[in-house]
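Architecture and fold: a report
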Amino acid sequence: MAAFPEGTPCWVDAALPDVEAGKRFYGELFGWTFRQADGSPQVDALSDGKLVAALVPKTDGRMPTVWGVYFATGDAAALGRKIRDAGGQVISDRQPVGTSATVSVAADPGGAVFGLWQAGDRDGFEKQGESGSFCWAEVYTRDPERVDPFYESVFGFQGTDLPDASVDFRMWSPAGSEPGEDTAIGGRSVITDAFPAEMPGHFLIYFCVDDCDDAVATVTHLGGRVQAPPFDIPYGRIAVLADNQGATFAVLAEPKAA
């Protein structure tokens, strides 16, 4: 059995103009350590000695400074065809990342960009869902009527809408699982009028932290920005932040056990 089932988030990376500055920022924020990736210009990030992410130098200043998520696949070429057939785009076809994986970059019908990860020597995360590591990804879109069937067709996601009808949010569970919050691996939110009019469709990556407010204070101290101050949801306390180079991400502190 594959380490990551088809269509589940298995890797994240940040495309940055200054990787050394990124190492200083995320090293202090999450306690990450770093090593040069074999056969690749990217830098691996480790938490407790386990792989959690990568920092990638931007080769073109016109490209966005952004955190990106990759979904696991056993066949990136076949999945690329499904993406096109479902109304998405393949932006860059299969490319090797050293010996770690073969990756592609695609976009959904609403323009949100994501990656495909066909494992080579590296399956993906060695740690997730714990402090200092990835825990959630959600796509923000203005076009849920096209985006929902896209992901459910391409990856076989099974959707569960929140019971609160005033909030248009869908959780996605992997194909073959019982849909619901216990199996959800990501979600879909809607870009409403509360967001800037120029905001495009995009993915937001979440990292677990022990204390959301402390993480926000650290980001501010390091020259980052607070895009959404800490607030509570049923699953913990979250904030949306940007690092000191402009890459947006979110942090989640799960509720403390009684």
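Described below are features of the structure shown in this document. (Residues numbered from 1 in each chain as written. Predicted model: local features only at pLDDT ≥ 70, side-chain atom pairs only at ≥ 80, totals over all residues. Heavy atoms only, no water.)

Our focus in this paragraph is the pattern of salt bridges. Inspection of the entire model under this criterion finds 13 salt bridges. In this structure, Asp-44 and Arg-122 form a salt bridge, with 2.8 Å as the shortest nitrogen-oxygen distance. Of this pair, Asp-44 sits in strand S3 (residues 43–47) while Arg-122 is found in the loop between strand S8 (113–119) and strand S9 (134–141), placing the two residues 78 residues apart along the sequence. Using a relative accessible area of 9% as the deciding quantity, one classes Arg-122 as buried. With a shortest N-O distance of 3.4 Å, Asp-148 and Arg-170 are connected by a salt bridge. Within this pair, whereas Asp-148 is found in helix H3 (residues 144–154), its partner Arg-170 is found in strand S11 (residues 170–173), the two being separated by 22 residues in sequence. Several salt bridges converge on common partners, so that one network encompasses Asp-148, Glu-152, Asp-161, Asp-168, Arg-170 and Arg-188. (Salt bridge = Lys/Arg side-chain N within 4 Å of Asp/Glu carboxyl O. Helix = DSSP H or I, 4+ residues; strand = E, 2+ residues; numbered from the N terminus. Buried < 20%, exposed > 50% of the residue type's maximum accessible area, 1.4 Å probe, protein only.)

Once that is clear, we can look at the packing of aromatic side chains. For any two aromatic rings, the description comes down to two numbers: the centre-to-centre distance and the angle of the planes. According to the stated counting rule, one finds 33 aromatic pairs in the structure shown. With 5.9 Å between their ring centres and 35° between their planes, Trp-11 and Phe-125 make a pair best called tilted. Note that Trp-11 is positioned in strand S1 (residues 9–16) and Phe-125 in the loop between S8 and S9, a separation of 114 residues in sequence. Here Trp-11 falls in the buried class, since its relative accessible area comes to 0%. With centroids separated by 5.0 Å and ring planes inclined at 40°, the aromatic side chains of Phe-71 and Phe-155 adopt a geometry described as tilted. In this pair, Phe-71 is assigned in strand S5 (residues 66–72) and Phe-155 in the loop between H3 and strand S10 (158–161), connecting sequence segments 84 residues apart. Phe-155 gets classed as buried once you look at its relative accessible area, which sits at 5%. (Phe/Tyr/Trp six-rings, centres within 6.5 Å; stacked < 30°, edge-to-face > 60°.)

Right, let's talk about empty space enclosed by the protein for a bit. Scanning all chains against the criterion turns up one cavity of 30 Å³ or more. Of the pockets and cavities examined, the largest cavity occupies roughly 50 Å³. What lines the largest cavity is Pro-9, Phe-71, Ala-137, Glu-138, Tyr-151, Phe-157, Trp-172, Ile-185, Gly-186, Gly-187 and Phe-203. Going through the elements one at a time, S9 and strand S12 (186–190) are the ones with two or more residues in the lining of the largest cavity. For the lining of the largest cavity, a count of residues per class yields eight nonpolar, two polar and one charged. (1 Å grid on protein atoms, 1.4 Å probe; cavity = no way out; pocket = protein on both sides within 12 Å on 5 of 7 lines; lining within 4 Å. Points joined across faces, edges and corners; volume = space filled by probe spheres on them. Nonpolar A, V, L, I, M, F, W, Y, C, P; charged D, E, K, R; others polar.)

Time to look at a nonpolar patch on the surface. A surface patch of nonpolar side chains, amounting to about 240 Å² of accessible area, comprises Phe-231, Ile-233 and Tyr-235. Looking at the secondary structure, you find Tyr-235 in the loop between strand S14 (225–233) and strand S15 (236–242). Here Tyr-235 falls in the partly exposed class, since its relative accessible area comes to 38%. (Patch = residues over 30% accessible without salt bridge, like charges linked within 9 Å, V, L, I, M, F, W, Y side chains within 5 Å. Areas by Shrake-Rupley, 256 points an atom, 1.4 Å probe, with all protein chains shown as cover.)

Before going further, it helps to spend a moment on the pairing of strand S16 (residues 248–253). Here S16 lies mainly inside the structure; five of its six residues are buried. As paired strands, strand S13 (residues 202–208) and S16 are joined by three bridges and run parallel to one another. Its bridge partner being in S16, Tyr-206 is matched across the sheet by Ala-250. Across six bridges, the pairing between S15 and S16 is antiparallel. The residue bridging Ile-238 from the neighbouring strand is Leu-252, located in S16. (Pairing = 2+ DSSP bridges.)

Read these as layout, nothing more, since geometry by itself doesn't imply function.
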